[in-house]
Amino acid sequence: MAGLPKVDYIWMDGELVEWDKATVHVLTHALHYGSGVFEGIRCYATADGPAIFRLRDHMERFERSARMIMMDLAVSVDDLCEAVKETVRANNLPECYIRPIAFRGYGVMGLDPIPAPVQIVIAAWPWATYMGEEALTRGVDVGISSWRQRGINSLPPAVKATGNYLNSSLARIEANRHGYNEAILLNEEGKVCEGTGENIFIVRDGVISTPPVSDGILEGITRDSIMVIADELGYPVIEESLVRTDLYAADEVFMTGTAAEVVPVRSVDGRLIGDAGPVTLELQKTFFRVVHGEEPAYEEWLDRV
Ligand code: PPE
């Protein structure tokens, strides 16, 4: 498959299966109805070997997502964490991206998903930073999408469900066609929500702000990490509703996500923000030190495989 590096094993319902044999039936419920939940986690190289960043927080969100769509995982969060580590170990990966997914499997069709069996899969592969190495320093150009974020009462953004990403993909296709690297979605009230796979922050007069979960965003774990790190570094951080002009008027804008990491935004709708600003760079630098085990105060966020 183009661009997807193949490794040895994928964890499927309790067993490690060879990569090429990790397949499902074409009448899998989730393929037709988007009935799945997933996570994106990163494992980073540290001086003491590979360490998974905030593994338990990710698997707790996974369990919450499943619970919100009334999907019974029938496996404890502890066992899921162990399975993630087993998958990374089995593939001998010093650094990787990890994708746990739980979905309604094969056996019934129709809109009532409850009778369908639940399958859990954990894959891992080497995945370089999402927007490219250059984006981490140069920043990305983003545009406000004409597609809106789903309201909190329809395909809730707080649930990391596979079906939600059709909306993200519509926004990403449009952004790419318009020459932007990424889209920013507003909710129906015009409040800034998030990127297609990242949360968003602004910095103005030394104050960092980011939209609240209640405006309709995924409660990002990188977002939370950056809020904690910013606080430790002495920056005021507030959760407040933002509108598009807050982005235009900001001194700095940046996005956070597991795949994307901490990415400066260079321009919004063609309004230049500029090169990565000092606050963004300090947060980004500290974040990378944390994930690579170079900041002892944050050791509890790392899980050695
Ligand atoms: N919002 C959305 C919509 C989102 O998908 C992500 C993660 C975030 C915010 C940031 O959350 P967190 O990773 O916990 O900081 N997006 C995942 C999938 C990206 C993809 O392209 O696939 C990810 O970054 O793993």
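Keep in mind the model is a prediction, meaning the values are calculated, not measured.

Novice: Go over the overall build of the protein chain with me, naming the residues and quoting the values.
Specialist: When you go through the protein chain residue by residue, the secondary structure sums to 8 helices and 17 strands. Compactness check: the protein chain gives a C-alpha radius of gyration of 19 Å against a globular reference of 19 Å for 305 residues, within 12% of the reference. C-alpha extents for the protein chain along the principal axes are approximately 55 × 45 × 35 Å. Of all 305 residues assigned to the protein chain, the portion counted as buried reaches 51%. Taking as baseline every contact in the protein chain between residues at least 6 positions apart, the subset at least 24 positions apart corresponds to 69%. Of the roughly 13800 Å² that the protein chain leaves accessible, carbon and sulfur atoms contribute 52%. Side chains of the protein chain give 27 positive and 46 negative charges; the mean places of these two sets differ by 4 Å.

Novice: Can you tell me about helix H8 (residues 278-291), naming the residues and giving the values?
Specialist: A rise of 1.5 Å per residue sets the reference length of H8, with its 14 residues, at 20 Å; its end C-alpha atoms lie 20 Å apart and thus fit the reference within 8%. Along H8, the residues classified as buried are Val279, Thr280, Leu283, Gln284, Thr286, Phe287, Val290 and Val291. The positive-phi residue at the C-terminal boundary of H8 is Gly293, with phi of around 75 degrees.

Novice: If you had to explain the pattern of salt bridges to someone new, which residues and values would you point to?
Specialist: Within this structure, the stated rule accounts for 20 salt bridges. Between Arg244 and Asp269 there is a salt bridge, and its shortest N-O distance comes to 3.0 Å. With Arg244 in helix H7 (residues 244-249) and Asp269 in the loop between strand E15 (261-268) and strand E16 (271-272), this pair connects stretches of sequence that are 25 residues apart. Note on Arg244: relative accessible area 35%, which makes it partly exposed. Owing to a relative accessible area of 13%, Asp269 belongs among the buried residues under this scheme.

Novice: For the side chain of Asp269, give the residues involved together with the corresponding values.
Specialist: Only 3.0 Å separates the side chain of Asp269 from the side chain of Arg244, close enough to count as a polar contact. Apart from residues no more than four positions distant in its own chain, Asp269 is found in contact with Val142, Gly143, Ile144, Tyr180, Arg244 and Tyr248.

Novice: Let's hear about the pairing of strand E2 (residues 15-18): which residues, and what values?
Specialist: As paired strands, strand E1 (residues 9-12) and E2 are joined by 4 bridges and run antiparallel to one another. Within the sheet, the bridge partner assigned to Ile10 lies in E2 and is Val17. Where E1 hands over to E2, the hairpin turn is made up of 2 residues, of which Asp13 adopts a positive phi near 45 degrees.

Novice: Just give me the short version of the packing of aromatic side chains, but keep the residues and values in it.
Specialist: One pass over the structure, following the stated rule, counts 10 aromatic pairs. Aromatic pair Tyr97 and Trp127: ring centres 4.6 Å apart, planes at 75 degrees, arrangement edge-to-face. Taken together, the residues Tyr97 in strand E6 (residues 96-104) and Trp127 in the loop between strand E7 (118-125) and helix H4 (133-138) connect sequence positions 30 residues apart. Counting every residue linked through ring pairs, the aromatic cluster contains Phe53, Phe287, Phe288, Tyr298 and Trp301. Positioned over the ring face of Tyr248 is Arg271, at 4.3 Å from the centre of the ring.

Novice: Explain the site of the ligand to me, and be specific about the residues and the numbers.
Specialist: Within the structure, the ligand sits among 20 residues, and Tyr97, Tyr130, Tyr165, Thr222 and Thr258 are positioned closest to it. Contacts to the ligand include Arg99, whose side-chain N or O atom sits 3.1 Å from an oxygen atom. In the model, an oxygen atom of the ligand is placed 2.6 Å from a nitrogen or oxygen of the Thr258 side chain. Out of a free accessible area of 540 Å², the ligand has 94% covered by protein chains.

Novice: Requested: an account of the state of the cysteines, with residues and values cited.
Specialist: Tallied over the full model, the rule gives 0 disulfides. With no disulfide partner, Cys43 has as its closest neighbouring cysteine sulfur the one in Cys96, 4.6 Å distant.

Novice: Explain unusual backbone geometry to me, and be specific about the residues and the numbers.
Specialist: A positive phi angle, close to 60 degrees, is found at Met70, a residue other than glycine. For Met70, the position within the fold is in the loop between helix H2 (55-68) and helix H3 (77-90). On the basis of relative accessibility, which here comes to 64%, the residue Met70 falls in the exposed class. In this structure, Glu261 takes a positive phi of about 65 degrees despite not being glycine. Position of Glu261 relative to the elements: it lies in strand E15.

Novice: Go over the domain arrangement of the protein chain with me, naming the residues and quoting the values.
Specialist: By domain assignment, the protein chain separates into domain 1 (9-125) and domain 2 (135-291). Each of domain 1 and domain 2 was reduced to a C-alpha centroid, and the two centroids are 26 Å apart. The interface is formed by 21 residues belonging to domain 1 together with 19 residues belonging to domain 2. Interface of domain 1 and domain 2: buried area, both sides summed, is about 1700 Å²; carbon and sulfur atoms make up 62% of it. Interface area lost by domain 1 to domain 2 is led by Phe38, Tyr44 and Arg61, which between them contribute 34%. Taken together, domain 1 and domain 2 are joined by 2 salt bridges.

Thresholds applied
- Throughout this description, residue numbers start from 1 for each chain and increase along the sequence as written.
- In keeping with the predicted nature of the model, local features appear solely for residues at pLDDT of at least 70, side-chain atom pairs appear and are counted solely at 80 or more, and the whole-chain, interface and lining totals rest on all residues.
- In computing side-chain values, all of the structure's heavy atoms are included and hydrogens and water are not.
- Helix and strand labels come from DSSP, where a helix needs a run of H or I of at least four residues and a strand needs a run of E of at least two; each type is numbered from the N terminus.
- The atom set for the radius of gyration is the C-alpha atoms, and the globule formula is 2.2 Å times the number of residues raised to the power 0.38.
- Each residue is placed in one exposure class: buried if its accessible area under a 1.4 Å probe, protein chains only, is under 20% of its type's maximum, exposed if it is over 50%, and partly exposed if it falls in between.
- In this description, contact between two residues means that some pair of their heavy atoms is separated by no more than 4.5 Å.
- Here, Shrake-Rupley sampling with a 1.4 Å probe gives the accessible areas, and only protein chains in the shown set may cover a residue.
- His is not counted, nor are the chain ends; Lys and Arg add positive charge and Asp and Glu add negative charge.
- Taken as the charge location is NZ of Lys, CZ of Arg, CG of Asp or CD of Glu.
- Here the expected length of a helix is defined as 1.5 Å per residue gap, with one fewer gap than residues.
- Any Lys or Arg side-chain nitrogen found within 4 Å of a carboxyl oxygen on Asp or Glu counts as a salt bridge.
- Under this definition, polar contacts are N or O atom pairs within 3.5 Å; protein pairs additionally need one hydrogen-donor-capable and one acceptor-capable atom, and for neighbouring residues in sequence, both atoms have to be side-chain atoms.
- Strand pairing is assigned whenever DSSP identifies at least 2 bridges connecting the two strands.
- Paired rings are identified among Phe, Tyr and Trp, the last through its six-membered ring, by centres lying within 6.5 Å, and are further divided according to the angle between planes into stacked (under 30 degrees), edge-to-face (over 60) and tilted (the rest).
- In this scheme, the term charge over a ring applies when either NZ of a lysine or CZ of an arginine sits within 6 Å of the ring centre and within 35 degrees of the ring normal.
- Proximity is defined per residue: any heavy atom of the residue falling within 4 Å of a molecule or strand makes that residue near it.
- Only a pair of cysteine sulfur atoms within 2.5 Å qualifies as a disulfide here.
- Segmentation of the chain into domains, including their bounds, is taken from an automatic or database domain assignment.
- Two parts placed together each lose some accessible area under a 1.4 Å probe, and adding up what both lose gives the buried area.

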